[in-house]
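Understanding the architecture of this molecule
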Amino acid sequence: NFPSQTLECIFNKYPPPKNPSFSYGTAGFRMNASKLDSVMFSVACIAIVRSLSCLNDSNEPQTIGIMITASHNPPEDNGVKIVDPFGDMLPQNWEPLATQLSNCSSYKDFESIIKPLWIKYSSNTLNKPASLVIARDTRESGPKLLNICIDLFDSLTNKYITYKNFNELTTPELHYITRSFNDSSFGIPTELGYYNKLSNSLLEILKLNNININSLINTTVDAANGVGADKLISFLKTSPSLKSKFQLVNSNTNDPLALNVKCGADFVKTNQKLPNGIDSKIASNENTLCASFDGDADRLVCYFFDKLNNKFILLDGDKIAILLSRLISFLISKLPSNNLKIGIIQTAYANGASTNYIINDLKLPSICAKTGVKHLHHEALKFDIGIYFEANGHGTVLFSDKFSIELKKFENDYSSAKTLLLLKDLINQTVGDALSDLLAVIVSLSILNIDANEWSNTYHDLPNKLAKVVVKDRNMFVTTDAERKLVEPPIQKFIDELVVNTTFGRSFVRPSGTEDAVRVYAEAATAEECQKLSDEVVKLVE
Ligand code: NG1
Ligand code: ZN
């Protein structure tokens, strides 16, 4: 029961390059879009097998998602990743299979790997078809790459596969929809279902806390000229009462070359400055918050311009994590005692000042995970309330089943319990989500009754620098201790010496999972010391 002929025919239609060396990394496959044809075919096949291997209670294959995006990368790139039934990432033990299949140069090799798995898993399903959902962001290369998967799906009959093509979606929308297909209690598996879940929970939280929509902070959103622009417009159409609170800039999805160029969350975080389209006059408006999404709307950073000190103020993933933690701690403090475990998960890129604030002021456990949201997500699942954010703005808050059971005991008597339960609907439970996180930020500011300035003053970032070094072979760089220490090459002791001699110094070196480069992070008490530390560690790496 293996569709050998069909697969061979499509394999040969999109042949791999001569010596393929693809690798399923932190963000799936990601590269120049022109090289992705054969990879799309491999991914579509792995997604089918993955679906066959994940059975529900009735022994039917669960739905798997395929998202075509290259997030914040330049317009000429694209990428693809697989979403698991509960909306999380493809498990790590499947990544080598993805890498292996994409690197087969002949159909014979390809079949020798996929056929045994396909047969093994489909025999457990009583011949029920695999189930897939697929979507893409607004990149120019998106439709062509998506059609490679559709070409395969349409060549296989209903006996093998059922699928739904959503065309344009944000990454978090596809994660939400994948989960909803498998778990109807999570939501309705449509875009409208997603928008309604967000707006219903938001409006209910406002009502419960006696907050008038007009009193919410006004938000100017830079959508990176990406899919987040179209989707914010659609969201506001379904919730007209919120419309007047949002201004949209960088929303030109008709010009594919404008995507992420001089705008978007990555640009703002990396350059620590305003994006095109938002000038210091807009950004220094009182009662206005500026926010940037990235190209697939799974990252959010906020910011404003401090006119008095002529300074750009960034509210990055660390600041968002801490704002949400403050809201959650505040709401929990209004309840009788409970034994919910709260934790905050960061990566080594989190500013040291934020980690100190978590430990010393919030008095919450702080965990350091490896870069890449799948690692943070995994750690967050160990808590009843697991707050995870990368400094670059990718993150969310996960609430456990125990959280819901505990809080339901209080929901009739305490509005804070009800608010917490609604936060579980407002905050995307599958993956970082710029729109959902932004709504959570707006609600937090309002309930805590603070403005952006007060939020930024929670703690002050230590000066920091992220440098990129192009080396001969980044695979020579091997790390340990959540990527904070180098094992190879043997230069860690020199880094340690430099760090000890720097006030509040911290520095680490790790190979990038998405670019052919090594990243050097440095942090210190002053900008001068930070620059010096960064330069010296870069010299060690070169
Ligand atoms: P790499 O290239 O592995 O540093 C980057 C980001 C990650 C993560 C991934 C996936 C930094 C320093 N690194 O990874 O946090 O978001 O891309 O998109 O921001
Ligand atoms: Zn992204």
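Residues numbered from 1 in each chain as written. Chains lettered and ligands numbered in written order. Predicted model: local features only at pLDDT ≥ 70, side-chain atom pairs only at ≥ 80, totals over all residues.

Comments concerning the overall build of the protein chain
Tallying secondary structure elements over the protein chain gives 19 helices and 19 strands in all. Against the globule reference of 24 Å for 542 residues, the protein chain gives a C-alpha radius of gyration of 23 Å, in line with a compact fold. Along the three orthogonal principal directions, the C-alpha set of the protein chain runs to about 70 × 60 × 45 Å. Burial status across the protein chain gives 48% buried among its 542 residues. (Helix = DSSP H or I, 4+ residues; strand = E, 2+ residues; numbered from the N terminus. Rg over C-alpha atoms; globule rule 2.2 N^0.38 Å. Buried ≥ 20, exposed ≤ 12 C-beta atoms within 10 Å, placed from the backbone.)

Topic: the UniProt feature "binding site: Mg(2+)" (unreviewed entry) in the protein chain
What UniProt calls "binding site: Mg(2+)" (unreviewed entry) maps, in this numbering, to Ser71, Asp294, Asp296 and Asp298. Taken together, the annotated residues stretch across 228 residues yet fold into one region, lying no more than 8.1 Å apart by C-alpha. For Asp294, the position within the fold is in the loop between β8 (288–293) and β9 (300–306). Residue classification places Asp294 among the buried residues on the basis of 34 C-beta atoms within 10 Å. Contact partners of Asp294, with chain neighbours within four places excluded, come to Ser71, His72, Ala224, Gly264, Ala265, Asp266 and Arg299. When neighbours within four sequence positions are excluded, Asp298 is seen to be in contact with Thr170, Thr171, Pro172, His394, Val431, Gly432, Asp433 and Ala434. (UniProt positions renumbered as here; feature names shortened; annotations may be inferred. Contact = placed C-beta atoms within 7 Å.)

Here we look at the nonpolar core
Core analysis: the biggest nonpolar cluster contains 131 residues, and Met40, Val43, Ala44, Ile66 and Leu132 have the highest contact counts within it. Ranked by residues supplied to this core, first place goes to helix α2 (residues 37–53) with eleven residues. Listed in part, the 18 residues of the second largest apolar core include Tyr349, Ala391, Ile495 and Cys530. (Core = buried A, V, L, I, M, F, W, Y, C linked by C-beta atoms within 7 Å.)

Remarks on the site of ligand 1
Near ligand 1, the surroundings consist of 14 residues, among which Ala27, Asn392, Ser512, Gly513 and Thr514 are the closest. Residues belonging to the shell around ligand 1 are distributed by class as follows: two nonpolar, nine polar and three charged. (Near = placed C-beta within 6 Å. Nonpolar A, V, L, I, M, F, W, Y, C, P; charged D, E, K, R; others polar.)

Some words on the sheet that holds β9
Pairing is mixed in the open sheet, where five strands are placed in the order β7-β6-β8-β9-β10. The open sheet is flanked by β7 (246–249) and β10 (311–315), the only strands paired with a single partner. Averaged over all pairs of adjacent strands, the angle between their axes in this sheet comes to 25°, without regard to strand direction. Sitting on the sheet, helix α16 (residues 434–448) is in contact with β6 (218–222), β8 and β9, with an inclination near 50° to β9. (Pairing = 2+ DSSP bridges. Axes fitted to C-alpha atoms, helices over the stretch in contact; angles between N-to-C directions.)

Details of the sheet that holds strand β11 (residues 342–347)
The strand order across the open sheet formed by four strands is β12-β11-β13-β14, and the pairing between neighbours is mixed. Two strands bound the open sheet, and with one partner strand each, they are β12 (366–369) and β14 (395–399). On average, adjacent strands in this sheet sit at an angle of 20° to one another, irrespective of strand direction.

Describing helix α6 (residues 171–182)
Here α6 is twelve residues long and its end C-alpha atoms lie 17 Å apart, about the 16 Å a rise of 1.5 Å per residue gives. For α6, a buried count of eleven out of twelve residues is recorded, marking the element as mostly surrounded by other parts of the structure. Regarding α6, the residues found buried are Thr171, Pro172, Glu173, Leu174, His175, Tyr176, Ile177, Thr178, Arg179, Ser180 and Phe181. (Expected span 1.5 Å × (residues − 1).)

Focus on helix α4 (residues 107–124)
At 3.6 residues per turn, the α-helix brings residues three or four places apart onto the same side. Between its first and last C-alpha atoms α4 spans 26 Å; for 18 residues at 1.5 Å apiece the expected length is 26 Å, and the two agree. Where α4 is buried, its residues touch α1 (4–13), α2 and α3 (95–102).

Side note on the pairing of strand β4 (residues 130–136)
Each regular strand shows side chains that alternate between the opposite faces of the sheet. In terms of burial, β4 is largely enclosed, as seven of its seven residues are buried. Side chains Ala130, Leu132, Ile134 and Arg136 of β4 all project onto a buried face; the interleaved residues Ser131, Val133 and Ala135 project onto the opposite face, where all are buried too. Inspection of the sheet shows strand β2 (residues 63–68) paired to β4 by six bridges, in the parallel sense. Residue Gly65 lies in a different strand from β4, and its bridge partner there is Val133. Where β4 lies against strand β5 (residues 161–168), six bridges are found, and the strand directions are parallel. Across the sheet, residue Ile134 finds its bridge partner in β5, namely Asn165. Note that the unit made of β4, helix α5 (residues 142–155) and β5 has a crossover that is right-handed. (Right-handed = clockwise from strand over helix to strand, strands pointing away.)

A word on the domain arrangement of the protein chain
Taken domain by domain, the protein chain consists of domain 1 (4–168), domain 2 (193–315), domain 3 (317–456) and domain 4 (464–541). Computed over C-alpha atoms, the centres of domain 1 and domain 3 are 33 Å apart. Taken together, the contacts link four residues of domain 1 with six residues of domain 3. Considered class by class, the residues forming the side of domain 1 that touches domain 3 number one nonpolar, two polar and one charged. (Domains from an automatic or database assignment.)

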